[in-house]
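# Chains, contacts and geometry: an overview
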Amino acid sequence: MIKLTVNGRKKTFGGAPFTRLIDALREDFALTGTKEGCGEGECGACTVLLDGEPVNSCLIPVCQAEGRKVETIESMGSPEKLSKLQAGFLACGGAQCGICTPGMLMTASAHIRTNGKCDDKSIRTALSGNLCRCTGYQDIVKSVIKAAKDKR
Amino acid sequence: MSVGKNEPRRDGPAKLTGRALYLDDVEIPGCWHGVTVRSSVAHGRIKSITYDPAFDWASCVVVTAKDIPGKNVVALIEPDQPLLADGIVRHREEAVVLIAHRERATAYEAAKRVKIEYEPLPPIFDMGKSDKIFKSYMISRGDVDAGFAAAHIVVEGEYSTPSQEQAYIENNAIAAYEEDGILVITGSLQCPYYVLKAMKQIFNRDETKIRIIQTVTGGGFGGKEEYPSMIAGHAALLSLKAGRPVKIVYDRHEDMAATTKRHPAVMRHRTGLTKDGKLVAQDIEVIMDGGAYATLSAVVLSRGTLHAAGPYECPNVRVRSKVVMTHTPPNGAFRGFGAPQTLFAVELHWEKIADALKIDSLTLRRRNIFKLGSTTATGQKLLESVGVEECLQKAVKNSKYEAKRIEYSRWNKNAKNKTWKGIGLAVCHHGAGFTGSGEVYLASRAGIALTRDGQLIVLAASTEIGQGTNTMFAQVASDALGVPASWFSVETPDTHKVPDSGPTVASRTCMVVGGLVSRATKDLKAAFEAEYGRVPKTSADLKKAAAALCKDAAARRFEVQYEKPPDVTWNDASYQGDAYGVYSYAALVADLEIDKLTYEVRLNKVTTAQDIGKAINPLLAEGQIIGGSTQGLGWALLEEPIFKDGVMINAQLTNYVIPTSLDTPPFDVILVEKPYSRGPFGAKGVGELPMDIPGPAVAAAVKHAIGRMIPTLPQTPERIAKALKP
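On a predicted model such as this, the values are computed, not experimentally measured, just so you know.

About the thresholds
- Residues numbered from 1 in each chain as written.
- Chains lettered and ligands numbered in written order.
- Predicted model: local features only at pLDDT ≥ 70, side-chain atom pairs only at ≥ 80, totals over all residues.
- Heavy atoms only, no water.
- Domains from an automatic or database assignment.
- Contact = heavy atoms within 4.5 Å.
- Buried area = accessible area lost by both parts, 1.4 Å probe.
- Salt bridge = Lys/Arg side-chain N within 4 Å of Asp/Glu carboxyl O.
- Helix = DSSP H or I, 4+ residues; strand = E, 2+ residues; numbered from the N terminus.
- Phe/Tyr/Trp six-rings, centres within 6.5 Å; stacked < 30°, edge-to-face > 60°.
- Buried < 20%, exposed > 50% of the residue type's maximum accessible area, 1.4 Å probe, protein only.
- Lys NZ or Arg CZ within 6 Å of the ring centre and 35° of its normal.
- Pairing = 2+ DSSP bridges.
- Core = buried A, V, L, I, M, F, W, Y, C linked by side-chain atoms within 4.5 Å.
- Axes fitted to C-alpha atoms, helices over the stretch in contact; angles between N-to-C directions.

## A word on the domain arrangement of chain A
All names here are of chain A. Each assigned domain of chain A is listed with its residue range as follows: domain 1 (2–75) and domain 2 (84–151). When each unit is reduced to the centre of its C-alpha atoms, the spacing between domain 1 and domain 2 is 21 Å. Of the residues lining the interface, 14 residues belong to domain 1; the matching set on domain 2 comes to 13 residues. Surface buried jointly by domain 1 and domain 2 totals about 1100 Å² across both partners, of which 63% is contributed by carbon and sulfur atoms. Where domain 1 packs against domain 2, one counts one salt bridge. A salt bridge links R113 to E71; its shortest N-O distance comes to 2.7 Å.

Quick look at the structure:
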């Protein structure tokens, strides 16, 4: 049995230890906010935070999360009460088709939380592992800058 | 008033919180997983299909062509593409056998235990060597030979463009199940009524026994226009045989290798000009690679052909075009739909003409560009909403194009600098809506429903795939009725609930379908005025008004159908007339730098001005422009499907590289709004326009930087190195 904390709740996983973390999250814990885009760590759609660090959950076996904290998009705001970062995305056009959005938000939140620099270049660097095919990134970068300013 | 305001997108909160359900997120009780066994040869006769006896086949459902109850065809334009190969395979990755199993991993394992033997047949991979023509066109204006005879100079050039993968981040995904005798198909798709049309023939059922429902869709860009019909047929065959729901979710490799892409193309230009650079003759040849089946090739080629001469007036024009068959996976719809290919050639060709005439390409464009009253190659007179000169002027001014041309030329002369710098320009038009008489044939319908309890629901089959359709519809309806946009909801595209408003393609959703929604809402407004005395002012008032209008019915629908403007005429036989109701226009300037050691290109800035008639929601419109331009920049610098023996060998995001946040430059977007009298609130199309010209603008900038023209895409370090070889 693998014990881990998901979005602040203690969970146990009884399946194969080398199950991909994304499958454990989506199929066993019914957290479908984490998306699969490529299954090989290129697109970042499956990004979750592992002890606060953004990781591709399609590349991590669930056994590697033993005793650690996993955060997914479901830990952020709700549709009725968006977090500042989510509200920034809504105001600035940071989401279009939405499939990259949960992963993008997780990476961005880790960047803001660790007090990463909030200039254009630093945010682009932080988000460079998360592919978006719709927006051309400018409005995503603006969204993160707005959220970081609203926070500070 | 809501039109012109940045209303937040309606699907935003659900998408931002991970609550939006894409097909793979939808819990379908008892659902099995479907997988596809595909051909491993590009052309061959199927000799045998054998199933490994060591595998437990009783736990699976297996489907081949002989399980198809109706016609083995994915109906679109030509009835040539089978749903499952039967006898002959005509491209790699063609579907031959389908398998469903309760466990996804077991389904994939089963697929490996199927052995298909082929008798190989000779394949054709080179479009130049194919003699099977799917479609050809000819546009002819004036007397081209006389034009060349009178020309001061004739400039020739050959240009080519590669394929391109749509690379939506959500891979294709469709589920099928039967419910109360109705075959339900649900998933990631752009055109529910296209899927319906295909399913009718495969399953011998009418539309009452088939229901297509779109789920939240993670990007399309044309890639989910026709291929979902194929997957829907596969999922439905498996589901009917298994007697339970089946879903098929492609992985990235399968999606890239098997599904449709942009048509590779070759364009040849011969251009005659006067001494001062006025066009007197254009002779243009276009050839596109359709792949193994016709799919949408005829219409892709049509749009490519109609845009091949560029947004310029020339008295003598001939465009000859054809799309041919090769033994490769069929090419299909991708944002721009043939126009980015032909516009790449006509725009980059100006740089060659500029060298030959010693007149810069900006001046040449200014001397020939469309103006109000200009006549196009098909004889269409442009009578309104021609913003191309304004786009050109604004993009040039904001980018400081003219000063930077000089500044960078000076910089490039200094051998001590570690980079070369370049700035390049391109201009285009893009016809909004279906080509020629397409909108007449479509006869689209859309409407508004008013329920007895006072809900206002927009009814259309046009899908939200990220571009903001639902938000835009509510804004258009809001202003047409004069009530808040929040009063309107938008019905899910479901063929049992919404009328056929046509496919979500061709930059037509806002201009054409938005126009229908506006008209239907005006009918509702008239009904409120006639039967209730006024348009309701508050939500309580709306409830009373709804009860008065609906009387005993649960709801009342106000539906309208597309009507051809009487003065728009088109002749399909001669390819003359009004090719499109109106054109959108764009100018784009790419400002870049190339490392002298590595030949890597770094984009420093992109400035673009785009005339879209009216931005119903400027934030969403700019999102289309920046996102579409970024796809164009990817095609210009990074993206190239590599084919070997008829199959894409870089079918992964690892080696098919799309732009990241670091590859993408800052954008300066200028909206130009030259209203179109027949678009809702003046709106024209915006979806495809931004894809059209980043390619030629980047190629022109690279030429400015290194002094050599690379007449193809992408402009990779390898190609730059090759161009610079003495």
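## Notes on the interface of chain A and chain B
With 46 residues of chain A at the contact, the number on the chain B side is 52 residues. Taken over both partners, the interface formed by chain A and chain B buries close to 3800 Å², and the fraction arising from carbon and sulfur atoms is 57%. Counting the surface chain A buries against chain B, the share from its top three residues, L90, Q96 and R133 of chain A, is 21%. The interface formed by chain A and chain B contains five salt bridges. Between D25 of chain B and R26 of chain A there is a salt bridge; the shortest N-O distance is 2.8 Å. Contributing elements (two or more residues each) for the side of chain A that touches chain B: α1 (21–28), α2 (84–92), α3 (101–113), α4 (120–126) and α5 (138–151) of chain A.

## Digging into the packing of aromatic side chains
Here a ring pair, both rings aromatic, is described through the centre-centre distance and the interplanar angle of the planes. All names here are of chain B. Tallied over the entire structure, the rule returns nine aromatic pairs over all chains. A centroid spacing of 4.7 Å and a plane angle of 35 degrees characterise the contact between Y137 and Y575, whose relative ring orientation is tilted. You can see Y137 sitting in strand β7 (residues 133–141) and its partner Y575 sitting in the loop between β21 (570–571) and β22 (576–577), a full 438 residues away along the chain. Relative to Y599, the ring of W420 has its centre 6.1 Å away and its plane inclined at 20 degrees; by these criteria the two rings are stacked. Of this pair, W420 sits in strand β16 (residues 419–431) while Y599 sits in the loop between β23 (583–595) and β24 (601–611), and the two are 179 residues apart along the sequence. The class for W420 is buried, based on a relative accessible area of 16%. Over the aromatic face of W411 sits the side chain of K421, whose NZ or CZ is 3.9 Å from the ring centroid.

## Overview of the environment of A333 of chain B
All names here are of chain B. With respect to the helices and strands, A333 occurs in the loop between β15 (317–325) and α8 (339–357). Overall, the relative accessible area of 1% leaves A333 in the buried class. Setting aside anything within four residues of it in sequence, one finds A333 in contact with Q166, F221, G222, G223, E225, E226 and L296.

## A closer look at the pairing of strand β3 (residues 47–50) of chain A
A regular strand places its side chains so that they alternate between the two faces of the sheet. All names here are of chain A. Side chains of β3 alternate between two faces, with T47 and L49 and V48 and L50 buried alike. Here β3 folds back onto strand β4 (residues 53–56) in antiparallel fashion, the turn holding two residues, of which D51 has a positive phi close to 50 degrees. Two elements, β3 and strand β5 (residues 69–71), share two bridges in a ladder whose sense is antiparallel. Paired with L49 across the bridge in β5 is E71.

## Looking at the nonpolar core
Counting residues in each nonpolar core, the largest one holds 110 residues, and the members touching the most others are L273, V286, Y585, I594, V698, V702 and I706 of chain B. Considering every element that reaches this core, the biggest residue donor is α8 of chain B, with 10 residues. Residue assignment places this core across two domains, with domain 1 (23–123 + 173–249) and domain 2 (265–435 + 575–723) of chain B each supplying three or more. Dropping the residues within four chain positions of it, L273 of chain B is found in contact with A151, H152, I153, V155, K278, L279, V280, W350, I353 and L357 of chain B. Judged by nonpolar contacts, the second largest core, of 47 residues, contains A45 and F89 of chain A together with I169 and A257 of chain B.

## Focus on the sheet that holds β24 of chain B
All names here are of chain B. What the four strands build is an open sheet, ordered β16-β23-β24-β27; its pairing is mixed. At either margin of the open sheet sits one strand with a lone partner, and together these are β16 and β27 (667–672). Taken over all neighbouring pairs, the strand axes of this sheet differ in orientation by 10 degrees on average, direction set aside. Inspection of the sheet shows β23 paired to β24 by 10 bridges, in the antiparallel sense. Each residue of the ladder has a partner; that of A587, found in β24, is A609.

## Re the environment of F89 of chain A
Here F89 of chain A shows up in helix α2. Given a relative accessible area of 1%, F89 of chain A falls into the buried group. Along the primary structure F89 of chain A and V141 of chain A are separated by 52 residues, whereas in three dimensions their C-alpha atoms are 9.1 Å apart. Excluding its chain neighbours within four sequence positions, the residues that come into contact with F89 of chain A are G94, A95, T101, M104, L105, I140, S143 and V144 of chain A together with L16 of chain B.

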